[in-house]
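This is what each chain is made of:
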Amino acid sequence: MATTDRQATTLALAHALSAAERGLAVIPLSRTKLPAIRSPHRDDPEPAGPPCRGECGRFGHGVYDASTDPQRIRALFAAAGRATGYGIACGLPPHHLVGIDLDTKSGADSSAALRELALRHLFTIPDTVVVLTPSGGRHIWLTGPPDVVVPNSAGRLAPGIDIRGAGGYLVGPGSRTEHGVYSAAPGTAHLAPAPCPPALLRLLLPPPRTPRTASAPAGGRHGEGLVQFVLAAHEGQRNTRLFWAACRAYEDGIGPSLAPALIDAALRTGLTDREARSTVASAARMTGHQP
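A few points on the structure. Computed from a prediction, not measured in an experiment: that's the story for all the values here. (Residues numbered from 1 in each chain as written. Predicted model: local features only at pLDDT ≥ 70, side-chain atom pairs only at ≥ 80, totals over all residues. Heavy atoms only, no water.)

Below, the discussion takes up the overall build of the chain. Check the secondary structure of the chain and you find eight helices and twelve strands. Relative to the 2.2 N^0.38 estimate, which gives 19 Å for 291 residues, the radius of gyration of the chain is 21 Å and therefore close to what a compact globule would have. Dimensions along the principal axes, computed over C-alpha positions, put the chain at roughly 70 × 45 × 35 Å. Expressed as a percentage of contacts within the chain between residues at least 6 apart in sequence, the contacts between residues at least 24 apart total 70%. For the chain, the exposed surface amounts to about 14300 Å²; the carbon and sulfur share of it is 53%. (Helix = DSSP H or I, 4+ residues; strand = E, 2+ residues; numbered from the N terminus. Rg over C-alpha atoms; globule rule 2.2 N^0.38 Å. Contact = heavy atoms within 4.5 Å. Areas by Shrake-Rupley, 256 points an atom, 1.4 Å probe, with all protein chains shown as cover.)

Attention now moves to the sheet that holds strand β2 (residues 85-89). If you walk across this open sheet you meet the three strands as β1-β2-β8, and the pairing is antiparallel. In this open sheet, the two edge strands, each paired with only one partner strand, are β1 (26-29) and β8 (169-171). Between one strand axis and the next, the sheet turns through 35° on average, direction left out of account. In terms of strand pairing, β1 meets β2 through four bridges, oriented antiparallel. What sits directly across from I27, in β2, is G87. (Pairing = 2+ DSSP bridges. Axes fitted to C-alpha atoms, helices over the stretch in contact; angles between N-to-C directions.)

Within the structure shown, the criterion is met by five salt bridges. Ionic pairing is found between R164 and D101, a salt bridge with its closest N-O pair at 3.3 Å. Of this pair, R164 sits in strand β7 (residues 161-164) while D101 sits in strand β3 (residues 97-102), placing them 63 residues apart in sequence. Here D101 falls in the buried class, since its relative accessible area comes to 9%. One salt bridge in this structure joins E116 and R120, with 2.8 Å as the shortest N-O distance. On the criterion of helical spacing, the pair formed by E116 and R120 is a turn pair, its members being four residues apart in helix α3 (residues 110-121). Residue E116 is classed as partly exposed on the basis of its relative accessible area, which comes to 46%. (Salt bridge = Lys/Arg side-chain N within 4 Å of Asp/Glu carboxyl O. Buried < 20%, exposed > 50% of the residue type's maximum accessible area, 1.4 Å probe, protein only.)

Attention now moves to the environment of T133. You can see T133 is positioned in the loop between β4 (130-132) and β5 (138-143). The spatial distance from the C-alpha of T133 to the C-alpha of A266 is 40 Å, given a sequence separation of 133 residues. Within the structure, T133 has its side chain in polar contact with the backbone nitrogen of G137 (distance 2.8 Å). (Polar contact = N/O pair within 3.5 Å; in protein donor to acceptor, adjacent residues only side chain to side chain.)

Between its terminal C-alpha atoms α3 stretches 16 Å, which fits the 16 Å expected from twelve residues at 1.5 Å a residue. Taken together, the buried residues of α3 touch β3, β5, β6 (153-158) and β7. (Expected span 1.5 Å × (residues − 1).)

This brings us to the nonpolar core. The biggest cluster of nonpolar side chains holds 49 residues, and the ones touching the most others in it are I100, I161, L204 and L262. The biggest single contributor to this core is helix α6 (residues 238-251), with eight residues. Membership of the second largest hydrophobic core comes to 32 residues, among which are L24, L29, L97 and V171. (Core = buried A, V, L, I, M, F, W, Y, C linked by side-chain atoms within 4.5 Å.)

Two elements in contact, α6 and helix α7 (residues 255-269), have axes whose closest approach is 10 Å; the angle formed by their N-to-C orientations is 170°. Considering the angle they form, α6 stands roughly antiparallel to α7. The crossing of α6 and α7 is right-handed. Touching R238, L242, A245, A246, A249 and Y250 of α6 are G255, P256, L258, A259, L262, A266 and T269, all from α7. (Parallel < 35°, antiparallel > 145°, perpendicular 65-115°, else oblique. Left-handed = near helix turned anticlockwise from the far one by under 90°.)

Next up on the list: the environment of R277. Mapping R277 onto the fold places it in helix α8 (residues 273-286). Spatially, the C-alpha atom of R277 lies 31 Å from that of A154, the residues being 123 residues apart in sequence.

Tallied over the entire structure, the rule returns zero disulfides. In this structure C196 is a free cysteine whose sulfur lies 11 Å from that of C247, the closest cysteine sulfur available. Overall, the relative accessible area of 5% leaves C196 in the buried class. (Disulfide = S-S within 2.5 Å.)

Empty space within the largest pocket amounts to approximately 640 Å³. The wall of the largest pocket is formed by 30 residues, among which R53, V149, A166, G167 and G236 lie closest to the centre. Breaking the lining of the largest pocket down by element, the ones donating at least two residues are β3 and α6. Among the residues forming the lining of the largest pocket, the class breakdown is 17 nonpolar, nine polar and four charged. Taken as a whole, the second largest pocket spans an internal volume of roughly 350 Å³. Lining the second largest pocket we find 19 residues, and of these K33, D101, K105, H139 and Y182 sit closest to its centre. Looking at the lining of the second largest pocket residue by residue, the classes come out as six nonpolar, seven polar and six charged. (1 Å grid on protein atoms, 1.4 Å probe; cavity = no way out; pocket = protein on both sides within 12 Å on 5 of 7 lines; lining within 4 Å. Points joined across faces, edges and corners; volume = space filled by probe spheres on them. Nonpolar A, V, L, I, M, F, W, Y, C, P; charged D, E, K, R; others polar.)

Keep in mind these values describe shape, not function.
This is the structure we're talking about:
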């Protein structure tokens, strides 16, 4: 390994450990911004069940290796060898990080697109951590509620705006890639990630599906559609769908009357009563209502 690579690895580890002290779970990255440890299952036969996410106990599962434990982080970097950067896992406690990636590669003005969305949906991006990318883009760090799963997306909000949510990661400041170094924007390095504005959070969640049945809970066909949206949730989507539907219900004035039906639908998808009630209460608070 070249001396400069050794120095880059040492610096990346130092930055990663510093991020971990702030409660951010990290993994080592290569110069290509990909996880620096190869999968231990790359030569395995196609699995019959869900892919391993670290249950085997070995390193090489990408974002699922992420940790805030200094000893584990040092072990990850020792196994990575040629790591020159680090990734910060999104969606994990305590911050439940959500990354707004304003890209420049598409040729679109992603910053202008975000400003237009903010004006249209009446939200303001708060003072928060902003990371500058070598290509001239920006990563805006926000936090989400603990009972909501924000999915990853690319260009869904607008061209050039990608979202890093659960199962995704952001390249940490101080990382060196083949295109340059990521760095915190002046005046933002000392900030804690700020809460995602409720109106923006609702844009980040998946839209409801068309209702399929003719039953009519409180709120008429609109309430029926929200209940069906919750019922259609698969594992990993249940809290997200329930939160989105409850937000819509409270915004439209049918939250109190529809909440029991939404909770019942969530229970039928596998959520516990405590999880469902907590998520609906969170939606009520986020929309300025008392649960």
